[in-house]
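Results of the structural survey
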Amino acid sequence: MDENQTIDHDRILKINIEEEMKSSYIDYSMSVIVARALPDVRDGFKPVHRRILYGMRGIGNFSNQPYKKCARVVGEVLGKYHPHGDSSVYGALVRMGQEWNMRYKLVDGQGNFGSVDGDSPAAMRYTECRLAKMGEHVMDDIEKDTVDMVNNFDDTLQEPAVMPTKIPNLLVNGGNGIAVGMATNMPTHNLNEVIDGCCACIDNPDISIDELMKYIPAPDFPTGAFIYGLEGVKDAYETGKGRIVLRAKAEIESNDQHDKIVITEIPYGVNKQQLIEYIADLVKDGRLEGISNVNDETGRQGMRIVVDVKRDSNANVILNKLFKMTALQSSFSVNCIALVKGRPRLLSLKECIKYFVEHRHDVTIRRTNFDLKKAQERAHILEGLIIACDNIDEVVHIIRASKTPSEAQANLEKRFALDELQSKAIVDMRLSQLTGLRMEQLHEEFEQLMKTIEELQEILNNPERCKEVMKEELLEVKEKYGDERRTEIIPDEHEFNAEDFYPNDPVVITISHLGYIKRTPLADFKEQARGGVGSKGAKTRDKDFTEFIYPATMHQTMLFFTRKGRCFWMKCYDIPEGDRNSKGRAIQNMLALAPDDSVNAFLRISDLEDETFLDNHFIVFATKQGLVKKTSIRAYSRPRANGVIAININEGDEVVDVRITNGENELIIANRNGRACRFNEETVRSMGRVSTGVRGMRLDEDGQDEVIGMIVVNDPDKDTVMVVSEEGYGKRSMVEDYRLTNRGGKGVKTLNITEKTGRLVAIKNVTDDNDLMIINKSGIVIRLAVAECRVMGRATQGVRLINLTKKNDVIASVCKVMSAELEEQIEEESRAQWSKSDEEIKSDFEGASDNLNNSTSISDEDNSPNVDFE
């Protein structure tokens with residue numbers, strides 16, 4: 001270092017970098033909050049909007065003047081008031097002219113200002129604009145010292161700190177903005193309603209929010225549609241935060257060919273084009289059935305989206321699925337944050353109105369003072385002119401005798417006791433004012449000014465008179481610009497109940513080996529004698545076959561359990577319908593399954609909200625390696641779209657069977673080597689949903705043994721145990737033939753396994769009121785009556801149930817259903833209900849359900865009326 005160079009240590013400051021970062025970021029965030037992102041509670045504007053309107057006023061871009069290029073306005077605003085990017089200014093300008101964003105436009109645009117489809121506006125060099133009438137009213141009386149003026153960015157000009165608006169813009173046009181650490185999202189409202197609420201608040205400053213909601217029941221969006229339920233609205237009005245549910249306005253048009261769903265209004269903020277594309281994608285992916293086409297027929301008459309419904313589909317069900325799955329029903333999250341005296345605050349409805357009313361009071365007082373001052377100044381001059389007119393000859397003589405105007409002023413002041421302003425006005429008075437008519441006009445003007453001064457002083461001195469003036473101005477705005485509400489209100493939020501549209505018919509849920517699912521009316525399957533060849537069950541892809549068949553009713557909920565231990569939910573009416581010969585739809589399109597997982601167990605629940613049932617029943621799992629787990633059914637009572645973990649599965653293991661129990665049932669687990677272990681479920685303690693379980697049955701150590709199924713014993717005196725082998729042999733035995741052992745044993749022989757019978761594939765508990773549905777890998781289905789199979793000893797070989805006509809064909813799955821006679825009885829009683837009263841229908845239906853509950857147990861998992869047909 002040069003010895004002439006010295007270090008000024010006094011100019012080096014040691015600071016804590018952490019504290020400096022905090023301080024700098026807080027300064028930055030406050031700058032964004034105050035100067036950019038959040039609106040002022042008084043006029044509802046951010047600085048950019050305020051500067052745009054003031055800039056348009058400055059260049060005379062009024063509603064009664066020709067349009068000016070938007071680039072001209074943007075340049076004015078950038079050069080004088082807003083030193084930021086031109087795109088942000090133009091974006092704010094365009095939004096104030098978009099009728100689908102603003103409830104009441106403040107800018108009148110000409111040219112391409114975008115569309116509700118999300119199209120971008122044309123460049124600002126192509127579009128034109130001018131102030132709308134409403135935009136002009138925002139700046140009424142701004143020249144009368146009604147608001148504070150502040151310096152612009154380079155201190156060469158002044159701009160308003162707030163607009164003296166007569167319009168409660170924060171509520172009427174809403175707004176949104178993202179600051180640092182906070183954001184605002186305000187809905188739009190109807191001008192008539194908001195002004196009525198403001199007048200009510202002026203009359204009664206202590207008005208409650210409930211009373212205000214009589215005037216302002218809910219937001220009013222420019223795109224119309226419906227507000228669905230008022231609970232979220234009330235939360236937003238009371239706390240400043242709430243979730244408002246919006247639903248599109250749609251009607252169903254019917255003709256001879258098919259129904260059409262016609263959508264004429266969509267929720268606020270929804271992109272119409274994206275909405276139509278999403279509906280089309282849902283149909284293409286198979287997630288939404290029953291729609292043949294979607295057209296956008298929007299034109300000059302207004303919005304019109306037409307959804308063509310297939311002839312065999314229910315339009316009401318399709319419409320409500322659209323509400324559930326698309327933005328036709330969406331929510332608006334209110335977050336009412338605005339600047340109050342320069343600080344961000346979360347505001348209720350009453351606070352928004354209160355601060356606006358206070359602002360209007362302040363503007364009214366400041367304007368009145370300004371007008372009073374001007375009136376008093378004019379009256380003062382008129383007093384001098386009237387004195388001069390009353391003494392015109394003498395005044396003329398004094399002026400003519402004076403050498404200079406200043407001498408004339410001084411002589412007049414001395415002679416008539418005038419001040420400088422009055423004497424100057426007399427000297428400057430034109431000769432035409434000396435006529436008799438002009439002198440009368442001076443006296444009339446003075447008298448009128450005195451009345452005006454008295455009225456202005458009354459406003460300043462009498463608070464009630466000031467309130468009247470405020471209300472009169474607001475009501476004048478209401479009369480000029482008020483319109484009818486666009487968004488209709490549905491006060492009570494009713495959830496769609498698809499059960500109103502689907503009859504509670506019995507169906508068969510079928511799933512193929514490769515994961516195709518469908519539901520088929522149970523009546524499509526015909527009973528055959530034991531030993532028959534069977535009928536073709538379903539068209540499947542190469543190397544695919546129907547693997548699982550489960551009975552249910554349309555209104556019930558299916559719980560899907562995967563091999564890897566996850567649980568999913570689906571209503572039976574949401575499962576696609578297909579006839580016996582159809583292959584169904586890929587279950588991967590219905591459930592959020594992992595690529596290497598598949599569904600292999602089902603439960604059928606009537607009501608997931610039945611507290612008694614949830615408290616007294618359990619779900620029991622059996623795994624391939626012989627483990628069992630019991631968990632309260634309440635743990636599986638809250639459906640989630642992506643499913644939940646149902647059981648923790650060890651490596652190499654998988655779920656084999658899932659059953660519902662009442663906590664006191666007996667369980668029988670069977671293995672492929674033909675043995676079964678019977679034990680009381682009380683020996684299995686209840687565990688959490690995410691647990692592994694305990695040993696239920698000990699397997700053979702040959703490396704090929706595994707658990708093939710589990711049954712729940714409902715009634716040991718009535719139930720019998722049916723087992724079926726790979727080669728089509730089966731056998732019924734009494735439950736008592738299986739001695740009760742401890743959990744974790746090897747069990748007893750349940751079928752004499754030979755090369756002729758093949759290994760065990762299924763175990764079911766059945767009664768004479770059941771039929772068996774047997775499916776083999778080639779897709780052949782046979783239905784036979786259990787009553788035709790006699791009860792025989794536990795260790796016997798059994799009898800042939802189905803002839804396997806193809807070489808190497810084996811039994812794939814076995815399921816029990818109600819008997820054909822009982823099915824026909826239910827169908828006859830159902831048909832007879834159409835000619836009866838509602839009470840008779842209800843009575844007969846309950847009787848049929850009780851009969852069915854007492855006579856059959858469906859799909860092994862049923863142990864109470866809660867899970868049987870209803």
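Cut-off values and rules
- Residues numbered from 1 in each chain as written.
- Predicted model: local features only at pLDDT ≥ 70, side-chain atom pairs only at ≥ 80, totals over all residues.
- Heavy atoms only, no water.
- UniProt positions renumbered as here; feature names shortened; annotations may be inferred.
- Helix = DSSP H or I, 4+ residues; strand = E, 2+ residues; numbered from the N terminus.
- Buried < 20%, exposed > 50% of the residue type's maximum accessible area, 1.4 Å probe, protein only.
- Contact = heavy atoms within 4.5 Å.
- Areas by Shrake-Rupley, 256 points an atom, 1.4 Å probe, with all protein chains shown as cover.
- Patch = residues over 30% accessible without salt bridge, like charges linked within 9 Å, V, L, I, M, F, W, Y side chains within 5 Å.
- Salt bridge = Lys/Arg side-chain N within 4 Å of Asp/Glu carboxyl O.
- Lys, Arg positive; Asp, Glu negative; His and termini not counted.
- Charge placed at Lys NZ, Arg CZ, Asp CG, Glu CD.
- Pairing = 2+ DSSP bridges.
- Phe/Tyr/Trp six-rings, centres within 6.5 Å; stacked < 30°, edge-to-face > 60°.
- Lys NZ or Arg CZ within 6 Å of the ring centre and 35° of its normal.
- Polar contact = N/O pair within 3.5 Å; in protein donor to acceptor, adjacent residues only side chain to side chain.
- 1 Å grid on protein atoms, 1.4 Å probe; cavity = no way out; pocket = protein on both sides within 12 Å on 5 of 7 lines; lining within 4 Å.
- Points joined across faces, edges and corners; volume = space filled by probe spheres on them.
- Nonpolar A, V, L, I, M, F, W, Y, C, P; charged D, E, K, R; others polar.
- Axes fitted to C-alpha atoms, helices over the stretch in contact; angles between N-to-C directions.
- Parallel < 35°, antiparallel > 145°, perpendicular 65-115°, else oblique.
- Left-handed = near helix turned anticlockwise from the far one by under 90°.
- Core = buried A, V, L, I, M, F, W, Y, C linked by side-chain atoms within 4.5 Å.
- Disulfide = S-S within 2.5 Å.
- pLDDT = per-residue confidence, 0-100.

The name given to the chain in an unreviewed UniProt entry is DNA gyrase subunit A, with Prevotella brunnea as the source organism. As recorded by UniProt, the Subcellular location (unreviewed entry) comment attached to the chain reads in full: "Cytoplasm". In UniProt, the chain has this text filed under Catalytic activity (unreviewed entry): "ATP-dependent breakage, passage and rejoining of double-stranded DNA."

1. Description of the overall build of the chain
For the chain, the count of helices and strands is 20 helices and 41 strands. Here the chain, with 870 residues, has 50% of them falling under the buried criterion. Considering only contacts in the chain between residues 6 or more positions apart, those separated by 24 or more positions represent 72%. Accessible surface computed for the chain: about 41,500 Å², of which carbon and sulfur atoms make up 46%.

2. Digging into a negative patch on the surface
On the surface, a cluster of negative charge is made up of D715, D717, E736 and D737. Tracing the chain through its elements places D715 in the loop between strand 33 (707-713) and strand 34 (720-725).

3. Here's the deal with the pairing of strand 38 (residues 770-776)
Looking down a regular strand, the side chains alternate between one sheet face and the other. Within strand 38, seven of the seven residues are buried, which leaves the element mostly enclosed by the surrounding structure. By the bridge criterion, five bridges tie strand 38 to strand 39 (residues 780-785) in an arrangement that is antiparallel. Looking at the pairing, D771 lines up with A785 of strand 39.

4. Regarding the packing of aromatic side chains
Scanning the model with the defined rule gives eight aromatic pairs in all. Geometrically, the ring pair formed by F221 and F332 is tilted, given 5.4 Å between the ring centres and 55° between the ring planes. Within this pair, whereas F221 is found in the loop between helix 8 (209-215) and strand 8 (226-228), its partner F332 is found in strand 14 (residues 329-335), the two being separated by 111 residues in sequence. Cluster of aromatic residues (ring-pair linked, three or more members): F221, Y268 and F332. The residue whose ring lies beneath R247 is Y228, and the NZ or CZ to ring-centre distance is 4.1 Å.

5. Regarding the sheet that holds strand 36 (residues 748-749)
Across the sheet, which stays open at both edges, the four strands sit in the order 33-30-31-36 with antiparallel pairing between neighbours. The open sheet has two edge strands, strand 33 and strand 36, and neither has a second partner. Two elements, strand 31 (residues 675-680) and strand 36, share two bridges in a ladder whose sense is antiparallel. Of the residues in strand 36, the one forming a bridge with R675 is K749.

6. Considerations on the pattern of salt bridges
Inspection of every chain in the model, using the stated rule, returns 52 salt bridges. A salt bridge links E464 to K467, with the shortest nitrogen-to-oxygen separation between them at 3.9 Å. Taken as a pair, E464 and K467 lie in helix 17 (residues 463-481) at a separation of three residues, close to a single helical turn. With a shortest N-O distance of 3.5 Å, K630 and E681 are connected by a salt bridge. Highlighted residues: K630 in strand 27 (residues 627-632) and E681 in the loop between strand 31 and strand 32 (694-695), separated in sequence by 51 residues.

7. Brief notes about the side chain of T326
Along the chain, T326 falls in the loop between helix 11 (315-325) and strand 14. Among the residues examined, T326 registers a relative accessible area of 5% and is labelled buried.

8. Some remarks on unusual backbone geometry
In this structure, D155 takes a positive phi of about 60° despite not being glycine. Looking at the element boundaries, D155 is found in the loop between strand 4 (149-151) and strand 5 (158-160). Unlike most non-glycine residues, A225 shows phi in positive territory, near 70°. Taking the relative accessible area as the measure of exposure, A225 reaches 0% and is therefore buried.

9. Describing the pairing of strand 35 (residues 729-734)
Judged by how many residues are buried, strand 35 sits mostly within the fold: five of six residues are covered. As judged from the five bridges shared by strand 34 and strand 35, these two strands associate in the antiparallel manner. The residue of strand 35 that forms the bridge with V723 is K731. Here strand 34 hands over to strand 35 after three residues, with G728 in that stretch at a positive phi of 95°. The pairing of strand 35 with strand 40 (residues 799-800) spans two bridges and is classified as antiparallel. Following the sheet pairing, G730 is matched in strand 40 by V799.

10. Looking at the UniProt feature "active site" (unreviewed entry) in the chain
Here, the residues flagged by UniProt with the feature "active site" (unreviewed entry) are Y126. Relative to the elements of secondary structure, Y126 occurs in the loop between strand 2 (107-110) and strand 3 (128-131).

11. Structural notes on the side chain of D653
In this structure, D653 sits in the loop between strand 28 (644-645) and strand 29 (655-661). Summary of buried charges: D653 has no salt-bridge partner, and the nearest side chain of opposite charge, K624, is 6.1 Å away. A distance of 2.8 Å separates the side chain of D653 from the side chain of T623, its partner in a polar contact. Leave out the neighbours within four places in its chain, and D653 touches T623, K624, Q625 and L627.

12. Considering the sheet that holds strand 25 (residues 599-605)
In a beta sheet, neighbouring strands pair by backbone hydrogen bonds and run either parallel or antiparallel. With antiparallel pairing, four strands are arranged side by side in an open sheet as 25-22-23-28. What marks the edges here is a single partner per strand, and that holds for strand 25 and strand 28. Examined bridge by bridge, strand 22 (residues 557-562) and strand 25 share six bridges and lie antiparallel to one another. The residue of strand 25 that forms the bridge with M558 is R604.

13. Quick look at empty space enclosed by the protein
Taken as a whole and judged by the stated rule, the model has four cavities of 30 Å³ or more. For the largest cavity, the calculated volume is near 90 Å³. Together, L171, M186, P187, H189, A236, Y237, V334, C336, L347, S348, L349 and C352 line the largest cavity. The set of elements that each furnish at least two residues to the lining of the largest cavity consists of helix 9 (231-239) and helix 12 (349-390). Classifying every residue of the lining of the largest cavity by side-chain character gives ten nonpolar, two polar and no charged.

14. Thoughts on the packing of helix 3 (residues 70-80) against helix 4 (residues 86-95)
It is at 10 Å that the axes of helix 3 and helix 4 come closest, and there the two elements cross at 120°. By the angle between their directions, the pair helix 3 and helix 4 is classed as oblique. Along this stretch, helix 3 crosses helix 4, giving a crossing that reads as right-handed. Where helix 3 approaches helix 4, its residues C70, V74, V77 and L78 are matched on the opposing element by D86, V89, Y90 and L93. By residue class, the composition of the contact of helix 3 with helix 4 is seven nonpolar, no polar and one charged.

15. Remarks on the nonpolar core
Core analysis: the largest hydrophobic core is formed by 100 residues, its most contacted members being I52, L53, L93, L191 and I353. If one sorts the elements of this core by residue count, helix 12 sits on top with 14 residues. Excluding residues within four positions of it along the chain, I353 makes contact with L171, G197, C198, C201, L212 and I216.

16. A closer look at the state of the cysteines
Using the criterion set out here, one finds zero disulfides in the structure. C199 takes part in no disulfide bond, and the closest cysteine sulfur to it belongs to C198, at a distance of 6.9 Å. The class for C199 is buried, based on a relative accessible area of 8%. C336 supplies the cysteine sulfur nearest to C352, a cysteine that is in no disulfide, at a spacing of 3.4 Å.

17. Overview of the confidence of the model for the chain
Averaged over all residues, the pLDDT of the chain equals 84, while 87% of them reach at least 70. The secondary-structure element of the chain with the lowest mean pLDDT is helix 20 (residues 838-855), recorded at 36, while strand 3 shows the highest, at 97. Within the model, the stretch residues 532-536 combines pLDDT values under 50 with 19 contacts to residues more than four positions away or in other chains. Low pLDDT, under 50, characterises residues 830-870; the stretch is placed with 89 contacts to residues that sit more than four places away or in other chains.

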